[in-house]
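Examination of the molecular architecture
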Amino acid sequence: MKLDQATIAQLAEHLENCELKARDTPKITDEHSAMDWDDAYAIQDEIRRRKIARGSRVAGLKAGLTSFAKMKQMGVGTPVFGFLPDYGAVPEGGTITVDELIHPRIEPEIVFVMKHALKGPGCHIGAVLAATDFVMPGLEVIDSRYRDFKFDLKSVIADNTSSARFVVGARIKPAATLDLRTLGVVLEKNGAIVALGAGAAVLGHPATAVAMLANHLGARGEEIPAGAMIFSGGITEAVAAGRGDNITLRIHELGSVACKFV
Ligand code: OOG
Ligand code: MG
């Protein structure tokens, strides 16, 4: 750790205020170039602590930057992990209020719900599939608190990996009955197709992202708890959405999920 506790608390407060007030900020590494990976996750942990102290729950976990399309779009090279606060949940077909956000983008994702806890190190695709209860289609709405979505990995980890809103579809399928690599994914904005992909875009198989999350948590003495919902990462690049946009995600075998920006 390179930052002291007071600086970590101050940066967490700053980033969380930017989220809650929908204000952007330059990336924090501009002023704190010495910060390391532990500092970045410590800032994210402090944001989580602040939310829980205010009565929020953690509704799910997420892996991000798990596809080459996303890594290329954001100019970074390794996955990151964050959490989904309960108030980010949007019902299927529900609305997302643009005024509460800075510059939202949407991502098509495969969502895992775990039957059993998963603890790294040593987690692999097999362990993930054995521990998974079912999968669902999910739309993640990301909203980096950084100006013009410009950040490096440490800044985005501290900013809870741009987490903002999320929507899940109601058709569930046991992961074991599907080949998650070849599931086709179609993202539509106002009826036009804006992105296309397949499950394998996420690290060859989206369960790899869940295994990496378990191994990441294991290195910190934590685990993915039984029942956890996990967004495994955008399959295509993220697509900007604004007031009036109707978004629909269709995933082969998993049905569709939609939301509207108002
Ligand atoms: C970071 C979050 C990325 C994903 O699914 O790749 C993410 C960002 O691009 O702002 O959630
Ligand atoms: Mg995402």
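To keep things clear, this report deals only with the structure shown in the data block.

What counts, and at which threshold
- Residues numbered from 1 in each chain as written.
- Chains lettered and ligands numbered in written order.
- Predicted model: local features only at pLDDT ≥ 70, side-chain atom pairs only at ≥ 80, totals over all residues.
- Heavy atoms only, no water.
- Donors = N, O, S within 2.8 Å, 3.2 Å for Na, K, Ca; no water.
- Helix = DSSP H or I, 4+ residues; strand = E, 2+ residues; numbered from the N terminus.
- Buried < 20%, exposed > 50% of the residue type's maximum accessible area, 1.4 Å probe, protein only.
- Pairing = 2+ DSSP bridges.
- Expected span 1.5 Å × (residues − 1).
- Contact = heavy atoms within 4.5 Å.
- Polar contact = N/O pair within 3.5 Å; in protein donor to acceptor, adjacent residues only side chain to side chain.
- Arc of directions from axis to C-beta.
- Near = heavy atom within 4 Å.
- Areas by Shrake-Rupley, 256 points an atom, 1.4 Å probe, with all protein chains shown as cover.
- Nonpolar A, V, L, I, M, F, W, Y, C, P; charged D, E, K, R; others polar.

Here the magnesium ion (ligand 2) is held by the protein donor atoms Glu107 (OE), Glu109 (OE) and Glu140 (OE), which lie 2.0 to 2.1 Å from it. Taken in chain order, the donor set of the magnesium ion (ligand 2) reads E-x1-E-x30-E. Residue Glu107 is found in strand β4 (residues 105-114), and its partner Glu140 is found in strand β5 (residues 132-142); the two are separated by 33 residues along the sequence. Note on Glu107: relative accessible area 4%, which makes it buried.

Moving on to the sheet that holds strand β12 (residues 255-261). Within the open sheet, the 5 strands sit side by side as β3-β12-β11-β7-β8. Their pairing is mixed. Looking along the sheet, the strands with just one partner apiece sit at the ends: β3 (95-96) and β8 (192-198). Strand direction decides the pairing type here: β3 and β12, joined by 2 bridges, are parallel. Opposite Thr95, over in β12, you have Lys260 as the bridge partner.

For the rest of this paragraph, the subject is the pairing of β5. Counted residue by residue, β5 has 10 buried out of 11 residues, so it is predominantly covered. Relative to β5, β4 is paired through 10 bridges, and the arrangement is antiparallel. Looking at β5, one finds that Arg105 is bridged to Ile142. In this structure, β5 lies alongside strand β6 (residues 163-168), joined through 5 bridges in antiparallel fashion.

On to helix α2 (residues 37-53), then. The end-to-end C-alpha separation of α2 is 24 Å, in line with the 24 Å expected for 17 residues at 1.5 Å each. Among the residues of α2, those classed as buried are Asp39, Ala40, Tyr41, Ala42, Ile43, Gln44, Glu46, Ile47 and Lys51. On its buried face, α2 is in contact with α1 (5-21), β2 (80-85), α5 (153-158) and α6 (206-219). Structurally, the start of α2 carries an N-cap: the backbone nitrogen of Asp38 is 3.2 Å from a side-chain oxygen of Asp36.

A few words now on α1. In this model, α1 (17 residues) spans 24 Å end to end at C-alpha, consistent with the 24 Å of a helix rising 1.5 Å per residue. For α1, the complete set of buried residues consists of Thr7, Ile8, Leu11, Ala12, Leu15, Glu16, Cys18 and Glu19. Seen from one end, α1 has its buried residues packed into an arc of 160°, which puts them on one side. Elements in contact with the buried residues of α1: α2 and α5.

It is worth spelling out the site of ligand 1 at this point. Close contacts around ligand 1 come from 17 residues, with Lys62, Leu65, Lys70, Ser162 and Gly234 the closest. Note that an oxygen atom of ligand 1 is positioned 2.8 Å from one of the side-chain N or O atoms of Lys70. Take Glu107: an N or O atom from its side chain is 2.8 Å from an oxygen atom of ligand 1. Notes on ligand 1: free accessible area 320 Å², of which the protein chains cover 100%. Secondary structure elements with two or more residues in the shell around ligand 1: β1 (58-64), α3 (68-74), β4 and β5. Looking at the shell around ligand 1, the element that brings in the most residues is β1, giving 3 residues. A breakdown of the residues in the shell around ligand 1 according to their chemical character gives 7 nonpolar, 5 polar and 5 charged.

Nothing here speaks to function; it is all geometry.
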